[in-house]
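Listed below are the residues making up each chain.
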Amino acid sequence: MRELTAISCEDEWLGATLDGAGGSLGVVMAIGGGQTRIGAHRGFAQLSAALAEAGYPCLRFDRRGVGDSSGEDPGFEDTLPEIRAAASALREKCPSVRSVIGYGLCDGATALALHGAAAGLDGMILANPWVVEAQANEPPPAAIGKHYREQLMSLDGWKRLLTGGIDYRKAVRGVMKIVRKPKSEGAGSLAERSAAAMASGPLPAHIVLAEGDATAIAFDHEWRKGAMQALSSEPRFTCDLIDTDAHSFAHDGNFERLRDSCLSALERFKAA
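In this report, we go over the structure that sits alongside the text.

Rules used throughout
- Residues numbered from 1 in each chain as written.
- Predicted model: local features only at pLDDT ≥ 70, side-chain atom pairs only at ≥ 80, totals over all residues.
- Heavy atoms only, no water.
- Helix = DSSP H or I, 4+ residues; strand = E, 2+ residues; numbered from the N terminus.
- Buried < 20%, exposed > 50% of the residue type's maximum accessible area, 1.4 Å probe, protein only.
- Contact = heavy atoms within 4.5 Å.
- Areas by Shrake-Rupley, 256 points an atom, 1.4 Å probe, with all protein chains shown as cover.
- Core = buried A, V, L, I, M, F, W, Y, C linked by side-chain atoms within 4.5 Å.
- Salt bridge = Lys/Arg side-chain N within 4 Å of Asp/Glu carboxyl O.
- 1 Å grid on protein atoms, 1.4 Å probe; cavity = no way out; pocket = protein on both sides within 12 Å on 5 of 7 lines; lining within 4 Å.
- Points joined across faces, edges and corners; volume = space filled by probe spheres on them.
- Nonpolar A, V, L, I, M, F, W, Y, C, P; charged D, E, K, R; others polar.
- Pairing = 2+ DSSP bridges.
- Axes fitted to C-alpha atoms, helices over the stretch in contact; angles between N-to-C directions.
- Polar contact = N/O pair within 3.5 Å; in protein donor to acceptor, adjacent residues only side chain to side chain.
- Phe/Tyr/Trp six-rings, centres within 6.5 Å; stacked < 30°, edge-to-face > 60°.

**Description of the overall build of the protein chain**
Working step 1: Of the regular secondary structure elements, the protein chain holds nine helices and eight strands.
Working step 2: Across the 272 residues in the protein chain, those meeting the buried criterion constitute 50%.
Working step 3: For the protein chain, the proportion of contacts with a sequence separation of at least 24, taken over those separated by at least 6, is 70%.
Working step 4: Summed over all atoms, the accessible surface of the protein chain reaches about 12700 Å², with 52% contributed by carbon and sulfur.

**A few points about the nonpolar core**
Working step 1: Ranked by size, the top nonpolar core spans 43 residues in total, and within it Ile-7, Leu-59, Leu-121, Leu-126, Met-198, Trp-223 and Met-228 carry the most contacts.
Working step 2: In terms of residues, this core owes the most to one element, helix α2 (residues 80-93), which gives seven residues.
Working step 3: Those residues in contact with Leu-59 that lie beyond four places of it in its chain are Thr-5, Ile-7, Ala-16, Thr-17, Leu-18, Val-27, Val-28, Met-29, Ala-86, Ala-89 and Leu-90.
Working step 4: Residues Cys-58, Leu-105, Cys-262 and Ala-265 belong to the second largest nonpolar core, which totals 26 residues.

**Thoughts on the pattern of salt bridges**
Working step 1: One pass over the full model with this rule turns up 16 salt bridges.
Working step 2: As a salt-bridge pair, Glu-10 and Arg-64 come within 3.3 Å of each other at their nearest N and O atoms. Here Glu-10, found in the loop between β1 (2-9) and β2 (12-19), pairs with Arg-64, found in the loop between β4 (58-61) and α2; they are 54 residues apart in sequence, far enough to count as distant.
Working step 3: Because the salt bridges share partners, they merge into one network encompassing Arg-2, Asp-19 and Arg-60.

**As for empty space enclosed by the protein**
Working step 1: Applying the stated criterion across every chain yields a total of one cavity of 30 Å³ or more.
Working step 2: Approximately 60 Å³ is the volume attributed to the largest cavity.
Working step 3: Broken down by element, the residue count for the lining of the largest cavity peaks at three residues, all from helix α3 (residues 107-115).
Working step 4: Partitioned by chemical class, the residues of the lining of the largest cavity number six nonpolar, three polar and three charged.

**Looking at unusual backbone geometry**
Working step 1: The backbone of Cys-106 shows a phi angle near 60°, a positive value even though the residue is not glycine.
Working step 2: Of note in the backbone geometry, Asn-128 takes a positive phi value of approximately 45° without being a glycine.
Working step 3: Looking at where Asn-128 falls in the secondary structure, it is placed in the loop between β6 (123-127) and α4 (141-152).
Working step 4: Of the residues examined, Asn-128 reaches a relative accessible area of 0% and is grouped as buried.

**Description of the sheet that holds β2**
Working step 1: With mixed pairing, the eight strands of this open sheet are ordered in space as β1-β2-β4-β3-β5-β6-β7-β8. The open sheet has two free edges, formed respectively by β1 and β8 (237-242), since each of these has just one partner strand. The sheet shows a mean angle of 20° between the axes of neighbouring strands, taken without regard to direction.
Working step 2: Here strand β3 (residues 25-30) pairs with strand β5 (residues 99-105) via six bridges, running parallel. Note that in β5 the partner of Met-29 across the bridge is Tyr-103.

**A look at the side chain of Thr-17**
Working step 1: Along the chain, Thr-17 falls in strand β2.
Working step 2: Within polar-contact distance, the side chain of Thr-17 engages the side chain of Arg-37 at 2.8 Å.

**What about the packing of aromatic side chains?**
Working step 1: Enumeration according to the criterion identifies three aromatic pairs in this entry.
Working step 2: Residues Phe-44 and Tyr-103 carry aromatic rings whose centres are separated by 6.4 Å and whose planes lie at 70° to one another, so their mutual orientation is edge-to-face. Here Tyr-103 lies in strand β5 and Phe-44 lies in helix α1 (residues 43-53), a separation of 59 residues in the sequence. Grouping residues by exposure puts Phe-44 and Tyr-103 together as buried.
Working step 3: When the centroid spacing of 6.0 Å and the interplanar angle of 80° are considered together, the rings of Trp-223 and Phe-237 count as edge-to-face. Here Phe-237 lies in strand β8 and Trp-223 lies in helix α8 (residues 214-225), a separation of 14 residues in the sequence. One exposure class covers both Trp-223 and Phe-237, and it is buried.
Working step 4: A network of ring pairs unites the aromatic residues Phe-219, Trp-223 and Phe-237 as a single cluster.

As structure tokens, then:
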């Protein structure tokens with residue numbers, strides 16, 4: 001049963017939608033990128049319905065100042081009140097719920113990484129988390145580097161370079177982004193703040209990455225080689241790669257893979 005509702009949050013109201021179910025494990029969805037709780041291509045609504053059908057009640061909400069919610073948008077780094085209010089509302093509206101898992105995409109996932117423990121969550125599913133502050137109108141440096149590295153390591157890429165099919169000036173700038181340390185790295189970077197929050201809290205997390213997506217490529221770089229590397233070996237963190245370049249998992253077959261990855265993670269959380 002789908003129900004439209006509103007959640008009180010620091011003297012404001014959050015527009016929210018509940019897909020009810022009778023399970024003991026529930027999900028709150030933190031929406032990122034200024035999107036509404038419906039999501040790109042109705043992705044959040046579709047995933048919420050699928051999780052509820054599998055027995056996991058799911059509550060998704062618009063953060064303050066976005067969609068149907070009142071107030072001013074605080075930005076994803078300051079959405080602790082929203083996440084906490086949503087988790088509390090889910091427990092109140094679904095008395096069978098004993099544990100609450102957060103699901104987020106892009107900077108919604110980052111908000112969970114930063115605030116999940118403080119918001120009273122019991123675990124997180126983080127899809128394509130945004131952890132690298134890129135230059136305006138540019139993909140994250142790791143994604144640019146991957147693109148040109150693949151171009152220059154293939155025979156076809158060199159043929160295109162020599163015949164003018166690849167702009168060598170752009171290629172050089174791309175390679176420089178591989179070796180140049182991004183300005184945002186170092187103490188206090190978003191990746192380091194996210195890593196510190198995840199390391200200090202007890203929450204398990206399941207990470208879902210779209211292999212060809214720039215945001216996911218940047219996260220994967222931080223996860224394996226950068227500020228978050230120490231977390232990658234902890235058993236409470238798992239990672240699943242989906243063969244797509246769609247940031248919102250909107251290509252054919254993507255939704256089914258995302259749904260199955262989330263359901264597998266929820267089963268593990270429930271068994272823990």
